[in-house]
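Here's the letter readout for the chains.
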Amino acid sequence: MDRPIVACVLAGGIGSRLYPASRGERPKQFLEFGGDRSLLSQTMDRTAFADERFVLTRESFADEIHDHAPEAGLLVEPAGKDTGPALVYAAWRLRKRFDRDPVLVCLPSDHHVGDDAAFAAHLERAAGIAADTGGLVTLGVEPTRPATGYGYIIPDGGDELEGASADYDAVERFTEKPDREEARRLREAGAYWNAGIFAWTPAALLREARDSPLAPLVEALEAGEPERGFDAVDAVSVDYAIMERASDVFVTPLPVDWDDLGTWDAVGRTRSDRDADGTNDRVAGEILSVDAANNVVAAPDRHVSLLEVEDLIVAADDDRILVAPRTSSQRVREVVDRLRERDAF
């Protein structure tokens, strides 16, 4: 490819569903979760194929980024308003840094990946598709279960598209977080999980953003007034603001062991070891289990006794403890919202 590949790693979120480990001053991308390196550091390893790498974050996290990604450039968004404004801002900033429009590979900093080398190869392939098509490329993961916490990508199922990279398809539509019955139907129909990983040129993303709810932001950026642009738009995901409305959107498979480490259920599923009885997921701490099974325990420097309970989350950090059904892991954000209302987060 005759243009640079630039990795843009998103690290501006807090990760409120991983409360209490993830807090306002200690977001999940800086945490280790069973390893000896942070999620952000591991993500940077997976982007070593890129010609240049940048981390996109908020101002309050900027000083700590260098500790986890010393090799990366830093982009600081004017305000935290979800992935839509953030990625448009990154495209505008990075377009100005290069003589030739680069291909951006944009990915979150908080995913579990089973094979880093294969993951990197598929991201490179996605960059090639973005360069060949001039469109917006999203990577899709084949579902292993009817998950209700993920969005889904439905390929159009038509004839294979022509081009240098054959392993991709046009997107028919996106579906956000279906119920279990719909998730099962989508899985059987060949839909992908939406991994939130993208490839595009800045020109392609900004072109589509001009015909989206983020148009005021693009106008303000081009006028050199990013703060005004962020003030002019609402917080919105890039999927809703741009991907679901754009015309040239393509999906390419990401056939690796993958999970979004956004909830305690996911952390227990992918980043834990089993307790002595082999029945509970231990992320941190020690467990005594008596007739207890399928619980997630994340309690550093603590001993947790479980008696006749199943499918619970038990997470403790500093002076905070969370106990919840494992099936309610997506709702932990509601606890954080209540704490914020009380100025207690």
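Heads up: the structure comes first, above all this text.
To start, this report covers the structure provided alongside it. From a predicted model like this one, the values you see are computed outputs, not experimental measurements. (Residues numbered from 1 in each chain as written. Predicted model: local features only at pLDDT ≥ 70, side-chain atom pairs only at ≥ 80, totals over all residues. Heavy atoms only, no water.)

Ranked by size, the top nonpolar core spans 66 residues in total, and within it Phe33, Val55, Leu123, Ile197, Trp258 and Trp264 carry the most contacts. Top element by residues in this core is helix 4 (residues 116-133). It accounts for seven residues. Tryptophan 258 has contacts with His111, His112, Val113, Val141, Tyr150, Trp193, Ala195 and Ile197, leaving out every residue within four places of it along the chain. Within the second largest apolar cluster, 42 residues are counted, among which are Ala91, Cys106, Ile153 and Phe198. (Core = buried A, V, L, I, M, F, W, Y, C linked by side-chain atoms within 4.5 Å. Buried < 20%, exposed > 50% of the residue type's maximum accessible area, 1.4 Å probe, protein only. Helix = DSSP H or I, 4+ residues; strand = E, 2+ residues; numbered from the N terminus. Contact = heavy atoms within 4.5 Å.)

Right, let's talk about unusual backbone geometry for a bit. The omega torsion of the bond from tyrosine 19 to proline 20 falls at 5 degrees, within 30 degrees of zero and hence cis. On the secondary structure map, proline 20 appears in the loop between strand 1 (5-10) and helix 1 (39-46). Phi at lysine 177 takes a positive value of approximately 35 degrees, unusual for a residue other than glycine. Structurally, lysine 177 can be placed in the loop between strand 8 (169-175) and helix 5 (180-188). Of note in this structure, aspartate 291 is not a glycine but carries a positive phi near 55 degrees. Among the structural elements, aspartate 291 can be located in the loop between strand 13 (281-290) and strand 14 (296-307).

Axis separation between helix 3 (residues 83-95) and helix 6 (residues 202-209) bottoms out at 9 Å; the angle between their running directions is 135 degrees. The angle between helix 3 and helix 6 places the two elements in the oblique class. Of the two possible hands of crossing, helix 3 and helix 6 adopt the one that is left-handed. Counted together, Leu87, Val88, Ala91, Trp92 and Arg95 of helix 3 and Pro202, Leu205, Leu206 and Ala209 of helix 6 form the full contact between these two elements. (Axes fitted to C-alpha atoms, helices over the stretch in contact; angles between N-to-C directions. Parallel < 35°, antiparallel > 145°, perpendicular 65-115°, else oblique. Left-handed = near helix turned anticlockwise from the far one by under 90°.)

Everything listed here is a matter of coordinates, which is why it stays silent on function.
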